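Read off the chains here:
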Amino acid sequence: MILFDFEHESPSSTEAAVARLNEVGEEARFLAGGTDMIPNMRIGIVKPECLISLTSIPYAPPALDAKGWLEIDALTRLSEIEHSKLVGDAAPMLAASAHSVAGNQIRQVATLGGNLCQETRCLYLNQKHDFQFVEPCFKRGGDCCYPFPKNKKNVCWSVYMSDIAPVLVALNAEVSVLGAGGEVRLPIAALFTGDGLRPHTLNPGELIRRIHIPPAPSHFGWGYHKSTVRGGLEFATALMAVALEVRANGLVCSDARIAIGAVNEGPVRLDKTEASMKGLELNPANLRMLADQASQEVNPLPHHGFSKPYLRDNIRVHLKRTLALAVERAGTRMKEDRS
Amino acid sequence: MSKLKYVGQSLKRKDGPDKVSGRAVYTQDVRLPGTLIGRVLRSPHPHARILKIDPSKALALPGVKGVITAKDTIGVKHGFVETPRYPADQDVLAIDKVTHVGEEIAAVAAIDDITAQRALELIEVEYEILPGVFDAETAMQPGAPEIRPTHPKVKEDLVNIAGKTETEWGDVEKGFAEADYIREDRFENQLRTHGYLEPQVTLAHWEGDKLNVWTSSMGTFIKRAKLSRTLGLPYSQVRIHKTYVGGTFGGKIDLYSHEYCAARLSMLTGRPVRITANREEIFSAYRHSQTLTIEIKTGVRKDGTILAQRFRIINNAGAHRGSGVVVIFLAWGFIMGPYRIPNLKYEGYAVYTNHTTRAPQRGHGAPKVRFAVESHLDMIAEHLGIDPITIRLKNARGPWEQLPNNDNTHEAGLIDCIKMVSQKSAFLDKWRQARPPADSKSPLRRGIGIGVTSYMSGTLIYPNGSGVVVKLNDDGSLIVLTGALDVGQGAETVLCQIVAEELAVGMDDIKLITADTDTTPQDIGAWISGMTYVTGNATRQAATHAREKILKVASEEMGVPEEDLGIEDKSVFNLHDPQQRMSYAQVFSASVAKHRGDTIIGEGFWRTMRDEPTHPSLATTKGRWTENYAFSAQVAEVEVDIETGEARLIKAYTVHDCGFPVNPGLIKGQVDGQVSMALGQAFMEEVMTKNGYTLNPNWLDYRMPLIHNMAGSEDFEVITEQYRVGQPYRTKEVGEGLVSGVLAGIANAIYDATGVRLTSAPFTPEKILAGLRKLEREKARELA
């Protein structure tokens with residue numbers, strides 16, 4: 001139960017919503033599927049006086065633009081992404097990641113934009129503060145950090161747990177942001193600050209309008225893995241998204257993007273490992289070497305009871321398998337291209 | 001009459017249609033006009049003195065109708081155990097000091113949730129913070145912060161001892177001296193919660209001279225007793241109504257503060273008051289299960305025969321005695337049941353810490369004890385070069401064994417259970433075959449493991465016995481009055497089957513009135529694994545009583561001796577001339593007309609160990625514990641990924657001696673439910689705490705297994721008892737003993753698959769990986 005009063009409005013266009021939020025000011029928040037916002041209101045880590053609901057706003061189904069980019073409205077429900085034939089064909093990794101979110105009931109209402117805009121998480125933060133952890137922590141505007149008491153006031157090691165953001169990073173996606181001054185298009189990575197206190201670059205009154213995903217190159221392979229304890233209805237222990245290209249003549253990598261999620265304040269690219277991959281034959285021995293390197297390159301925050309060494313172990317093994325899957329898919333795709 | 005029609009059949013649940021159609025009324029569904037919302041103010045500190053409570057600002061808030069603190073109570077304490085040795089130690093609202101985070105300090109009743117919340121925020125409490133202690137072994141040591149005084153009968157130089165169980169027989173030292181091999185191990189367990197989906201909820205309505213209460217519970221009579229006493233009301237002024245219950249698993253037995261608060265606030269305001277705990281409260285302030293640390297030393301002969309065992313068990317009991325002194329008694333029982341131990345020394349300590357108070361949970365310590373004992377036994381067997389089946393058969397108790405506490409194993413089927421589960425699971429074919437050949441590239445390893453358990457089927461603890469009334473209606477249908485509460489285990493169905501069998505009446509012609517403290521006879525409640533046995537026999541007796549009356553009247557009317565009469569389909573017939581018959585409706589009329597208005601009411605009552613004066617001593621284990629031991633042997637097959645450390649249960653086999661299965665379908669449900677609880681305990685569930693605060697108080701971060709985590713489960717019954725109409729029968733426990741063998745089996749199977757011996761639950765990938773690394777280092781050292 002939400003134990004405070006608030007207003008609720010339901011404008012019929014994104015432009016009207018942005019205008020209305022700018023009018024009401026900082027006490028207003030956008031509400032999309034509500035699967036992050038409502039629990040956060042219930043436990044009192046956000047207390048908006050006014051919710052501007054986006055749920056009455058019509059949105060277009062996923063489509064390809066003139067350049068072959070896949071365009072998805074930010075209000076698209078995750079279940080629609082999961083089941084869209086177009087998304088499955090053009091960006092199967094995105095469909096896979098949407099499918100991995102929570103459970104079906106949540107995916108029926110949760111939106112793509114909301115998933116990207118979700119708050120960072122921490123065991124201490126994500127609970128009621130009636131009698132436990134009553135003093136507000138840094139993230140809630142207070143003066144302490146429960147899990148990391150030595151942290152300075154400007155450091156919050158909460159983790160960003162979107163299952164989808166790392167995929168969009170690996171796919172080199174772009175994002176259109178609508179603000180009072182109109183729409184701007186940015187690389188997806190520009191959405192994230194890497195700061196647990198304020199994980200997004202969006203200003204109040206700005207909202208994600210749509211996502212753009214470039215067409216996959218011809219010798220492309222992808223791999224996605226969400227490590228969990230029970231395989232569903234949970235956020236990731238660690239999450240990895242791999243997009244790679246191989247040269248036409250074999251399994252030598254020509255380009256690769258690896259994004260790791262759920263273990264830092266935002267999705268993290270593995271620049272060094274990606275650089276090592278380029279020009280390398282992606283055989284099992286090299287994949288093992290790359291996964292070892294990647295597990296050292298990531299600097300996971302201990303979160304939700306998982307230790308840093310375990311998270312490294314988890315990423316090392318699962319990234320190796322995810323890379324192998326991506327290579328296999330690239331190979332399959334190559335065969336398809338030839339035939 | 002010889003062929004059983006109802007009993008022994010998997011008949012559909014009596015409560016099924018109500019539950020699946022949404023007609024079932026749970027406590028939250030009970031609506032009374034003018035109901036106020038109650039909320040409880042809880043301690044933000046694990047250990048603190050209360051210097052001052054000032055509720056005046058809350059009382060002044062418009063919409064607030066009542067506020068209570070300890071000053072509004074009569075100061076009567078309560079506890080799970082209330083005996084001369086272990087008097088109650090819990091206040092319904094904290095007086096002077098709080099001893100765990102979330103302890104109840106005050107409660108408010110207001111017109112809505114938001115007002116109630118604001119009122120809580122307006123209550124001013126001044127605390128003096130005291131040092132807390134959270135680890136049981138630290139809390140025992142002299143110098144640790146004192147939460148409550150050590151029990152006066154414990155003479156050791158230890159603090160915070162809530163209670164101790166100590167017993168021995170034979171000569172342990174002599175046993176160890178004669179042993180060919182002695183081994184010592186230590187096992188630990190995580191804190192785990194019940195996971196009942198329906199939250200704790202109570203609606204109370206004081207009507208001037210009568211307190212009506214609806215509350216989610218495991219038995220209404222114990223609630224009435226404890227509520228009446230803490231309120232200072234005669235039992236007759238308190239009525240606990242029956243509602244359906246959405247899961248309990250041991251977590252809703254004795255009194256909870258919110259139940260008292262709802263009642264007291266209703267008495268103060270004159271209006272109904274409802275208190276519904278939210279999930280965070282249940283996780284971080286209510287009672288979870290017990291965590292036991294178990295140290296075992298065993299001496300054996302070369303052939304695996306156990307000669308002597310010594311146990312030291314430490315229970316982190318939390319802030320109050322709770323069931324902490326029961327679990328250290330029961331742990332002894334779970335140790336001595338399955339295997340012969342000629343020489344035993346047992347010590348169990350319940351230690352106060354600044355954690356939340358503890359409660360029983362399905363198995364009440366047995367899963368932890370059996371995980372320890374069965375792992376330890378496998379380690380011994382390996383050292384001796386004996387397989388897990390042989391060592392268990394070597395030590396397993398047989399039928400008619402007299403136990404050191406004068407209990408008897410009766411028709412024990414344990415040996416058959418072990419043999420059958422071994423055969424059904426092809427144990428010895430799979431055991432040690434799991435590891436694939438060296439050239440296999442797959443990181444998956446399969447393993448198989450076994451665990452054995454025995455469990456009590458009812459014992460003596462308040463309210464001890466059950467009464468049942470069976471009433472014949474004038475159309476020949478039946479009303480059954482029983483205090484038994486169906487908490488999902490199927491009590492209503494099973495009792496109905498017994499009545500149907502004894503009186504030859506269809507299931508749909510029987511209406512049960514249950515668990516209402518004003519209108520139904522007293523009952524033991526759904527929490528000591530004796531309902532089918534105790535309430536069931538009371539029901540059988542009541543039905544027999546009614547049948548005797550029916551046959552007597554029919555005999556007179558038909559002019560046929562009683563022994564020549566049979567019953568079927570709500571009628572009595574002449575066994576020699578089946579055309580000659582009388583319907584129950586006709587019998588009823590005749591009885592009323594010719595037996596001075598006798599409307600044919602049957603009465604029955606039952607109690608386990610009917611000739612024992614009282615329950616066994618929790619401190620010394622003296623006195624009989626149960627007359628009815630259930631036995632089981634269970635096998636788990638697991639699959640472990642040796643690169644990731646991730647493990648899962650593939651299949652569980654359960655073979656159990658359940659006495660006589662009244663409803664095999666319901667038993668199967670119990671087995672599957674326990675397999676799922678065992679795998680949750682094995683792999684995923686843990687209440688994480690830090691300094692007495694709960695870190696994961698929600699369903700997202702406390703991970704219960706999901707439907708796709710379920711493993712295949714096969715179960716087989718070893719039937720050691722028969723049901724005969726009109727005769728007492730024996731059923732044995734099936735509702736909580738079967739978590740243990742699966743948990744133990746999983747631990748042994750992980751070892752079989754990987755060589756990693758885990759001595760602490762849960763069996764996380766992190767622990768399995770650490771074990772595998774250790775093995776690699778050892779191997780490298782050997783090679784060097």
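Above this text you will find the structure in question.
Please read all numbers here as calculations on a predicted model, not as lab measurements. (Residues numbered from 1 in each chain as written. Chains lettered and ligands numbered in written order. Predicted model: local features only at pLDDT ≥ 70, side-chain atom pairs only at ≥ 80, totals over all residues. Heavy atoms only, no water.)

1. Notes on the overall build of chain A
Looking only at helices and strands, chain A has eleven helices and twelve strands in total. A globule of 339 residues ought to have a C-alpha radius of gyration of about 20 Å, and chain A, at 20 Å, matches this closely. Principal-axis analysis of the C-alpha atoms places the extent of chain A at approximately 65 × 50 × 35 Å. Taking the intrachain contacts of chain A between residues at least 6 apart in sequence as the baseline, contacts between residues at least 24 apart amount to 64%. In the structure as shown, chain A presents an accessible area of about 13,900 Å², 53% of it carried by carbon and sulfur atoms. Of the side-chain charges in chain A, 36 are positive and 37 negative, and the distance between the mean point of each set is 7 Å. (Helix = DSSP H or I, 4+ residues; strand = E, 2+ residues; numbered from the N terminus. Rg over C-alpha atoms; globule rule 2.2 N^0.38 Å. Contact = heavy atoms within 4.5 Å. Areas by Shrake-Rupley, 256 points an atom, 1.4 Å probe, with all protein chains shown as cover. Lys, Arg positive; Asp, Glu negative; His and termini not counted. Charge placed at Lys NZ, Arg CZ, Asp CG, Glu CD.)

2. Details of helix 12 (residues 414-424) of chain B
All names here are of chain B. By the burial criterion, the buried members of helix 12 are Leu 414, Cys 417, Ile 418, Val 421 and Ser 422. Axial view of helix 12: buried residues confined to an arc of 125°, hence all on one face. Check the buried side of helix 12 and you find it contacts helix 11 (388-395), helix 13 (427-430), strand 16 (444-456), strand 24 (629-641), strand 25 (647-659) and strand 28 (712-719). The first or second residue beyond helix 12 is Ala 426, which carries a positive phi of 50°. (Buried < 20%, exposed > 50% of the residue type's maximum accessible area, 1.4 Å probe, protein only. Arc of directions from axis to C-beta.)

3. Some details on the interface of chain B and chain A
Think of interface size as the accessible area that goes away when the parts come together; that is how it is often given. With 44 residues of chain B at the contact, the number on the chain A side is 39 residues. Carbon and sulfur atoms supply 53% of the area that chain B and chain A bury against each other, a total of about 3,200 Å² over both sides. For the pair chain B and chain A, the interface holds seven salt bridges. Two residues, Arg773(B) and Asp313(A), come together in a salt bridge whose shortest N-O distance is 3.1 Å. Looking at the side of chain B that touches chain A, the elements that each hand over two or more residues are strand 1 (36-42), helix 3 (113-122), helix 8 (279-284), strand 27 (693-694) and helix 19 (765-783) of chain B. Here the side of chain B that touches chain A is built from residues that sort into 18 nonpolar, twelve polar and 14 charged. (Buried area = accessible area lost by both parts, 1.4 Å probe. Salt bridge = Lys/Arg side-chain N within 4 Å of Asp/Glu carboxyl O. Nonpolar A, V, L, I, M, F, W, Y, C, P; charged D, E, K, R; others polar.)

4. Observations concerning the state of the cysteines
All names here are of chain A. The full count for this structure, using the stated rule, is zero disulfides over all chains. With no disulfide of its own, Cys 117 has Cys 156 as its nearest cysteine by sulfur position, at a separation of 17 Å. Not engaged in a disulfide, the cysteine Cys 145 finds its nearest cysteine sulfur in Cys 156; these two sulfurs lie 6.4 Å apart. Taking the relative accessible area as the measure of exposure, Cys 145 reaches 13% and is therefore buried. (Disulfide = S-S within 2.5 Å.)

5. A few points about the packing of helix 17 (residues 664-683) of chain B against helix 18 (residues 740-754) of chain B
Residue and element names in this part refer to chain B. Contact geometry of helix 17 with helix 18 gives a least axis separation of 8 Å together with a crossing angle of 50°. Comparing the axis directions of helix 17 and helix 18 gives the class oblique. When you trace helix 17 past helix 18, the crossing you get is right-handed. In this structure, helix 17 contributes Val 675, Ala 678, Leu 679, Gln 681, Ala 682 and Phe 683 to the contact, and helix 18 contributes Val 742, Leu 743, Ile 746 and Ile 750. Looking at the contact of helix 17 with helix 18 residue by residue, the class counts come to nine nonpolar, one polar and no charged. (Axes fitted to C-alpha atoms, helices over the stretch in contact; angles between N-to-C directions. Parallel < 35°, antiparallel > 145°, perpendicular 65-115°, else oblique. Left-handed = near helix turned anticlockwise from the far one by under 90°.)

That is the geometry; function is a separate question.
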